[in-house]
Amino acid sequence: MQFDVELAVDGTTLITVTTQQYLYSEEDLSTVLNSYTHLLKTLSSKPSLPIKDQSVFSVKDAHTALAIGTGPRINIDQSITINRMFDWAVKARSNNVAVVDNVGGQLTWIEMASWVSTISAHLLRLGVKPQAFVGVNCEPSAMSVCYWLAVLRIGAIYVPLDPSNPVSRLELIVNDCKPAAIICDEQTWASAQRSFRVPNRHIFKLSDMGGRRTHYTEDMSQPEATACVIYTSGTTGTPKGTLLKNSNFVNHIYGVNKEYNIANGKEVVLQPTNLGFDLSLAQMMQFIASQGKMVVASLQTRTDPMELVKLMVEHQVTYTIVTPSVYSLILRQDPSLLHQLTEWRSAFSCGEPLTSAIVQQFQKINLPKLRLLNSCGMYLECSSTYA
């Protein structure tokens with residue numbers, strides 16, 4: 001973008017702004033030019049006013065920008081928590097199948113509630129307090145969502161310790177947040193004992209708790225309390241933990257489901273994402289909110305696109321939220337198999353730029369019910385919807 005200021009013979013000043021057409025529209029340039037001229041006027045009329053107190057926009061332009069930038073308002077009960085939404089689903093869906101994996105695991109909503117209560121009660125017996133960190137170092141399974149809900153139910157903070165990550169990264173996370181307890185499974189328990197054992201830290205697995213409880217523990221979570229911590233990749237330095245509140249999840253999912261008309265009780269949500277990645281939480285949250293079914297892919301299936309598509313076909317997945325890289329792998333599979341995904345309705349793309357090549361892949365399979373939604377932000381000129 002180039003600015004030119006020219007003085008005319010008659011004493012007037014001409015200001016021009018030029019740029020590449022593909023970068024900015026005329027309306028964009030007009031906004032920039034109006035802001036620039038407004039700033040010049042205020043600087044010349046109030047030369048003694050400090051720069052920090054100068055206004056780039058006129059009052060009218062500021063109000064216009066606020067009006068444009070303010071989206072539709074959704075009235076959401078701010079007392080709602082994730083576990084309260086889960087309790088509603090248990091009451092409404094009871095004996096319906098809630099979550100399945102492809103290693104033989106399956107739970108109904110009532111069975112999920114029983115496991116959530118069993119795990120949360122065990123954490124309380126160990127002395128875990130609200131807002132204490134609790135690590136979950138388990139391979140993906142039908143139980144994954146139960147661990148998450150159990151930690152949140154007692155008001156503690158969920159810390160995913162994804163076993164697919166290097167031990168060095170997991171040790172860094174554990175040393176940073178110092179969890180009061182770490183939940184393991186049979187596959188991860190021995191490694192966790194070697195890597196994470198310190199005095200006063202409880203490391204346990206499901207078999208340590210005995211049988212499932214038949215009565216439910218109280219929801220101790222609070223909307224404005226921290227619900228989980230997700231650590232950055234660390235590509236630019238030491239991984240840093242990002243704290244997310246219960247209400248962050250609730251407000252986001254209410255907005256998504258209202259905007260995109262997500263069907264209550266009819267969504268089959270795929271979970272192919274590593275548990276240390278924030279998209280895994282988005283997948284679990286949609287499952288809870290829509291009161292549908294979640295299909296959890298095993299560690300082996302997550303690295304095998306053909307098996308992943310077969311899993312989607314078997315359970316007729318309707319809802320996905322993954323990165324464009326994952327979509328690219330899925331869409332390269334046998335077209336005759338992809339065309340069996342007749343119930344796939346919503347494909348949300350996050351975490352990476354959604355390229356035109358991947359959009360074209362979606363167009364090529366031409367599934368009649370499917371829409372592609374880019375929720376990656378500013379990487380494309382606008383959010384892409386393909387139907």
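Please refer to the structure higher up on the page.
Described below are features of the structure shown in this document. As the structure is a computational prediction, the values presented were derived from the model and not from experiment.

1. Section: the pattern of salt bridges
- Following the criterion strictly, the structure yields eight salt bridges and no others.
- Here R84 makes a salt bridge to D77, at a shortest N to O gap of 3.9 Å.
- Residues joined in a network through salt bridges with shared partners are E267, E343, R345 and K369.

2. Some remarks on the pairing of strand β6 (residues 157-160)
- Neither face of β6 is open: one carries I157 and V159, the other Y158 and P160, and all of them are buried.
- Alignment of strand β5 (residues 133-137) against β6, held across four bridges, turns out to be parallel. Opposite G135, over in β6, you have V159 as the bridge partner.
- Of the crossover connections in this fold, the one passing from β5 over helix α5 (residues 144-153) to the parallel β6 is right-handed.

3. Observations regarding the nonpolar core
- M112, I119, V145, W148, Y158 and F287 are the most contacted members of the largest nonpolar core, which has 64 residues in total.
- Sort the elements by how many residues they give to this core and α5 lands first, with eight residues.
- Beyond its immediate chain neighbours, meaning those up to four positions away, W148 contacts I82, Y158, L281, M284, M285 and I288.
- Core analysis: the next-biggest nonpolar cluster, separate from the first, contains 28 residues, L331, W344, A347 and L354 among them.

4. Concerning helix α6 (residues 167-177)
- All buried positions along α6 are accounted for by R169, L170, I173, V174 and C177. Along α6, the residues classed as buried sweep out an arc of 135° about the axis, all on the same side. Relative to its buried face, α6 has exposed residues pointing more than 90 degrees away, namely S168 and N175.
- Next to the buried residues of α6 lie β5, β6, β7 (181-184), α7 (189-196) and β9 (226-231).

5. Digging into unusual backbone geometry
- Unusually for a residue other than glycine, Q131 sits at a positive phi of about 70°.
- The residue Q131 is located in the loop between α4 (109-125) and β5 in this model.
- The exposure class of Q131 is partly exposed, given its relative accessible area of 33%.
- One non-glycine residue with positive phi stands out, namely Q291, at about 55°.
- We classify Q291 as buried; its relative accessible area is 12%.

6. Considerations on the environment of N83
- With respect to the helices, strands and loops of the structure, N83 is situated in helix α3 (residues 82-93).
- A C-alpha to C-alpha distance of 9.0 Å links N83 and M220, two positions 137 residues apart in sequence.
- When sequence neighbours within four positions are dropped, the list of residues in contact with N83 reads V116, L149, L152, R153, D219 and S221.

7. What to know about the packing of aromatic side chains
- This structure, assessed with the given rule, holds eight aromatic pairs.
- The interplanar angle of 35° and the centroid separation of 5.3 Å between the aromatic rings of Y319 and F348 together place this pair among those described as tilted. Of the two residues, Y319 is situated in strand β13 (residues 319-322) and F348 in strand β14 (residues 346-349); the sequence distance between them amounts to 29 residues. For the pair formed by Y319 and F348, the shared burial category is buried.
- On the basis of an interplanar angle of 55° and a centroid distance of 5.9 Å, the ring pair of W344 and F362 is categorised as tilted. Of this pair, W344 sits in the loop between α13 (335-338) and β14 while F362 sits in helix α14 (residues 356-365), and the two are 18 residues apart along the sequence. For the pair W344 and F362, a shared accessibility class is recorded, and that class is buried.
- Each member of the aromatic cluster is reached from another via a ring pair, and the members are F86, W109 and F287.

What counts and what doesn't
- Counting restarts for each chain: residues are numbered from 1 in the order of the written sequence.
- Given that this is a predicted model, residues contribute local features only at a pLDDT of at least 70 and side-chain atom pairs are listed and counted only at 80 or more, while totals for whole chains, interfaces and linings are drawn from all residues.
- Side-chain figures throughout are based on the complete set of non-hydrogen atoms in the structure, without hydrogens or water.
- Salt bridges, as used here, are contacts in which a Lys or Arg side-chain nitrogen is within 4 Å of a carboxyl oxygen on Asp or Glu.
- To sort residues, take the accessible area from a 1.4 Å probe on protein chains only and compare it with the maximum for the residue type: under 20% means buried, over 50% means exposed, and anything in between is partly exposed.
- Working definition: helices are DSSP H or I runs of at least four residues, strands are E runs of at least two. Numbering for both runs from the N terminus.
- The pairing criterion is simple: DSSP has to find at least two bridges between the two strands.
- Orienting the strands away from the viewer, one traces the path from the first strand over the helix to the second; a clockwise path indicates a right-handed crossover.
- To form a nonpolar core, buried Ala, Val, Leu, Ile, Met, Phe, Trp, Tyr and Cys residues must be joined to one another through side-chain atoms within 4.5 Å.
- Whether two residues are in contact is decided by their heavy atoms, any of which lying within 4.5 Å being enough.
- Within this analysis, the arc is defined by the directions that extend from the helix axis to the C-beta atoms.
- In this analysis, rings of Phe, Tyr and Trp, with Trp reduced to its six-membered ring, are considered paired at centre separations within 6.5 Å, and the interplanar angle assigns stacked below 30 degrees, edge-to-face beyond 60, and tilted for intermediate values.

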